[in-house]
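# Coordinates in review
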Amino acid sequence: MPKVIVVGGGYAGMAASTALAEAGIAVDLLESRGSLGGRAYSIPPSGPFPVPVDNGPHLFMGCYAETLRMLHRIGATDAFHWIDPLALTWRTPGGKKVSLKCAPLPAPFHLAWGLFTSNAFPFKEKTSMARALSAFSKKPFRLSPGVQTVAQFLDATAQGPLSRERFWVPLCGSVMNVSPAVAPIGGLGEVLHRVFFGNRRDSAMGVARLPLGDLVSEKARRYLEEKGSRVLLHEGVQELTLNEKTFGVKTRSGAVWTGDALVLAIPPSSLSALWPRDGWEAAAHFSQMGKSSIVSVHVILSKPVMGEHLLGLSGARFEWVFNRNANWAWNGKGLFKNTGTPHPDPLPQGEREARFNASSTPSPLRGEGWGEGDGKDFQYLSFTASAADDLARQKDPELLSLARRELTDRCPAAKDAQVLHSKVTREMAATFVWSGETERLRPPCQTPYPNVFLAGDWTNTGLPATLEGACLSGRRAAEKVRAYLS
Ligand SMILES: Cc1cc2nc3c(=O)[nH]c(=O)nc-3n(C[C@H](O)[C@H](O)[C@H](O)COP(=O)(O)OP(=O)(O)OC[C@H]3O[C@@H](n4cnc5c(N)ncnc54)[C@H](O)[C@@H]3O)c2cc1C
């Protein structure tokens, strides 16, 4: 039976390994950290922050076909709240609520109706938005000559200030994690095409009902082991030897692993450190992909201030706020009991899953057992800012006070809410920097070695650095391995 080595247990590595395992090919999955999931992970309750934290929002979309395929394979598809038809709500400075709510109609009429009835944009801006979006209805996209970046596209299609502030700029940040001045319009167009011009359900937004660590990590490991594969955690690869048809990977424990084929599903900085100096031109560019950050501020407030799963903060640096009470259906019992000392997650894995899977409706926002057990209300919010190299350099108190100010300016109910706990997470290398330049440097799946393949959100998928890009790259690598082995 052939043996495949997969290095890296993020979504790309998990997609590749589980696809191979499903096809009856045994895999050894080598991961340097203590769990699978890669850049989509949770931090368990630690220090003074009494609840788990997700390092990022990690929104899923209905058009994430490869991600959903992988989650379905490992039995994790029921773990979402689906916002279908797509609905977005923003709060403006001063506290007004505005929204864009798509209709239960076939695409793209669902969006056309949503735009037409939206109170988030003036009529004139809606017409220019509709015209601009229609450029991506069919391939090849209709772009004026010379338009290469998102910023150039917004200027060329005369997008108004509110459509930029509420739609285009946060969309570009969330999807591509770079500013419109840098982002190639073709990349954003690919996403708009997939989201709005296929099936209506492609634009549904999925918010995980579990912290990310619980969503996939254990299920993927169990799936692989049941199929006869092995997951080796804390086994970071330290040396890579590549020959014409053989390879060896030496890991932290000193073991050397070999097999019939190798999939390297690790970020460009790690791969650059391992790849031999063999003259492959693409490899010379691994270290030039750049890094773009995402910064999140997580707070527990003394009273509820919002009920939506997520809220856009119009004109704010923290573009989105996620409501973890609603996302994770926590009613505050146990998990929110603050004894003032760090404590382990009080619900065992199985019990927590059973509870979450049993309820898909948001729980009441009232917390019980908070503080001294006086039944005080609370709210757990996570603020997120994309393309945030500027924020990543700021200190925690500055970030907390910015997030707080931006919220209270827009949600009057937050004015007298106390911050009971806070935590800042900075992902300095959340994604590569997708620009016109790096677009040309994204490497293919196939390397010059016939049995060595690359995967990862930064490889040449045509998609942004997202879970879907990662899973697509993993599936493609698995297909190439199967073709090679057969
Ligand atoms: C804060 C944040 C928010 C995000 N929000 C979203 C979102 O809302 N929606 C979305 O679709 N995407 C989002 N993303 C992007 C998404 O998380 C990534 O695109 C995706 O997780 C990348 O997966 P990957 O497998 O390509 O890489 P990774 O997740 O980086 O996986 C690589 C794995 O390789 C391991 N590794 C590295 N070096 C070695 C070595 N030498 N030996 C062994 N193992 C090694 C790493 O530990 C890691 O587990 C977000 C990312 C961040 C950071």
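See the structure shown above.
We now turn to the structure provided with this report. (Residues numbered from 1 in each chain as written. Predicted model: local features only at pLDDT ≥ 70, side-chain atom pairs only at ≥ 80, totals over all residues. Heavy atoms only, no water.)

### A word on the overall build of the chain
Broken down by element type, the chain carries 16 helices and 20 strands. The buried share of the chain, taken over its 486 residues, is 57%. Of all intrachain contacts in the chain linking residues separated by at least 6 positions in sequence, the fraction that spans at least 24 positions is 71%. If you sum the accessible surface of the chain, you get close to 19,700 Å²; carbon and sulfur atoms cover 53% of it. (Helix = DSSP H or I, 4+ residues; strand = E, 2+ residues; numbered from the N terminus. Buried < 20%, exposed > 50% of the residue type's maximum accessible area, 1.4 Å probe, protein only. Contact = heavy atoms within 4.5 Å. Areas by Shrake-Rupley, 256 points an atom, 1.4 Å probe, with all protein chains shown as cover.)

### Focus: unusual backbone geometry
Residue Pro108 is reached from Ala107 by a cis peptide bond, and omega for that bond is 0 degrees. A cis amide bond links Lys139 to the next residue, Pro140, at an omega of -5 degrees. Structurally, Pro140 can be placed in the loop between helix 4 (123-134) and helix 5 (150-156). If you check the backbone angles, His58 has positive phi at about 50 degrees while not being a glycine. Relative to the elements of secondary structure, His58 occurs in the loop between strand 4 (53-54) and strand 5 (59-61).

### So, the site of the ligand
As a structural note, the neighbourhood of the ligand is formed by 34 residues, with Glu31, Arg39, Leu59, Tyr64 and Asp457 the closest of them. Between the ligand and Ala12 there is a distance of 2.9 Å, counted from an oxygen atom to a backbone nitrogen or oxygen. Residue Arg39 places a main-chain N or O atom 2.7 Å away from an oxygen atom belonging to the ligand. For the ligand, whose accessible area on its own is 1,000 Å², the fraction buried by protein is 93%. If you list the elements that add at least two residues to the shell around the ligand, you get helix 1 (11-22), helix 9 (268-274), strand 19 (419-431) and helix 16 (467-485). Across the shell around the ligand, the residue classes tally to 17 nonpolar, twelve polar and five charged. The residue makeup of the shell around the ligand includes at least three contributed by each of domain 1 (3-40 + 63-70 + 208-290 + 433-485) and domain 3 (292-431). (Near = heavy atom within 4 Å. Polar contact = N/O pair within 3.5 Å; in protein donor to acceptor, adjacent residues only side chain to side chain. Nonpolar A, V, L, I, M, F, W, Y, C, P; charged D, E, K, R; others polar. Domains from an automatic or database assignment.)

### Notes on the packing of helix 3 (residues 109-117) against helix 4
The geometry of helix 3 relative to helix 4 is characterised by a closest axis approach of 10 Å and an angle of 160 degrees between their N-to-C directions. When the axis of helix 3 is compared with that of helix 4, the two are roughly antiparallel. Where helix 3 crosses over helix 4, the two elements pack in a sense that is right-handed. Mapping the contact onto sequence places Leu111, Leu115, Phe116 and Thr117 in helix 3 and Lys126, Met129, Ala130 and Leu133 in helix 4. The residue makeup of the contact of helix 3 with helix 4, split by class, is six nonpolar, one polar and one charged. (Axes fitted to C-alpha atoms, helices over the stretch in contact; angles between N-to-C directions. Parallel < 35°, antiparallel > 145°, perpendicular 65-115°, else oblique. Left-handed = near helix turned anticlockwise from the far one by under 90°.)

### A word on the packing of aromatic side chains
This model, assessed by the stated rule, comprises 18 aromatic pairs. Aromatic ring contacts, followed pair by pair, group Phe136, Phe141, Phe153, Phe167 and Trp168 into a single cluster. (Phe/Tyr/Trp six-rings, centres within 6.5 Å; stacked < 30°, edge-to-face > 60°.)

### A word on the pairing of strand 14 (residues 261-264)
Of the two faces of strand 14, the one lined by Ala261 and Val263 and the one lined by Leu262 and Leu264 are each fully buried. Bridge count for strand 1 (residues 3-7) against strand 14 is four bridges, and the pairing is parallel. Within the sheet, the bridge partner assigned to Val6 lies in strand 14 and is Val263. Note: strand 14 against strand 20 (residues 452-454), three bridges, orientation parallel. Residue pairing for strand 20: Leu262 is matched across the bridge by Val452. (Pairing = 2+ DSSP bridges.)

### Quick look at the sheet that holds strand 14
Two strands in a sheet stick together by hydrogen bonds in their backbones, pointing the same way (parallel) or opposite ways (antiparallel). Taken together, five strands build an open sheet; the order of strands is 10-2-1-14-20 and the sheet is parallel. With one partner strand each, in any of the chains shown, strand 10 (230-232) and strand 20 form the two edges of the open sheet. Averaged over all pairs of adjacent strands, the angle between strand axes in this sheet comes to 15 degrees, irrespective of strand direction. This element, helix 1, spans strand 1, strand 2 (26-30) and strand 14 of the sheet and lies at about 165 degrees to strand 1. The sheet contacts of helix 16 involve strand 1, strand 14 and strand 20, and relative to strand 20 the element is tilted by about 165 degrees.

### A word on the sheet that holds strand 5
Taken in spatial order, the three strands make up an open sheet running 5-9-6, and their pairing is antiparallel. The open sheet has two edge strands with one neighbour each: strand 5 and strand 6 (80-83). For this sheet, the mean inter-axis angle between neighbouring strands, taken without regard to orientation, is 30 degrees. Both strand 6 and strand 9 (residues 205-208) contribute to a ladder of four bridges, which runs antiparallel. Of the residues in strand 9, the one forming a bridge with His81 is Val207.

### Comments concerning the pairing of strand 7 (residues 87-91)
Along strand 7, four of the five residues are buried, which leaves the element largely enclosed by surrounding structure. Examined bridge by bridge, strand 7 and strand 8 (residues 97-101) share five bridges and lie antiparallel to one another. Counted as the bridge partner of Ala87 is Lys101 from strand 8. Counting the residues that bridge the hairpin from strand 7 to strand 8 gives five residues, and of these Gly94 lies at a positive phi of roughly 105 degrees. Relative to strand 16 (residues 310-313), strand 7 is paired through two bridges, and the arrangement is parallel. The residue of strand 16 that forms the bridge with Arg91 is Leu313.

### Regarding the environment of Ala120
For Ala120, the location among the structural elements is in the loop between helix 3 and helix 4. Ala120 sits 194 residues away from Ser314 along the chain, and the two C-alpha atoms are 9.8 Å apart. For Ala120, the contacting residues outside a window of four places in its chain are Trp90, Val98, Ser99, Leu162 and Arg166.

### Some words on the side chain of Arg166
Residue position: Arg166 is located in helix 6 (residues 161-176). Buried charge without a salt bridge: Arg166, with Glu165 as the nearest opposite-charge side chain at an N-O distance of 4.3 Å. Those residues in contact with Arg166 that sit more than four places away from it in its chain are Trp90, Thr92, Val98, Ala120, Phe121 and Ser314. (Lys, Arg positive; Asp, Glu negative; His and termini not counted. Salt bridge = Lys/Arg side-chain N within 4 Å of Asp/Glu carboxyl O.)

In short, the description is geometric, and any link to function would need to be established separately.
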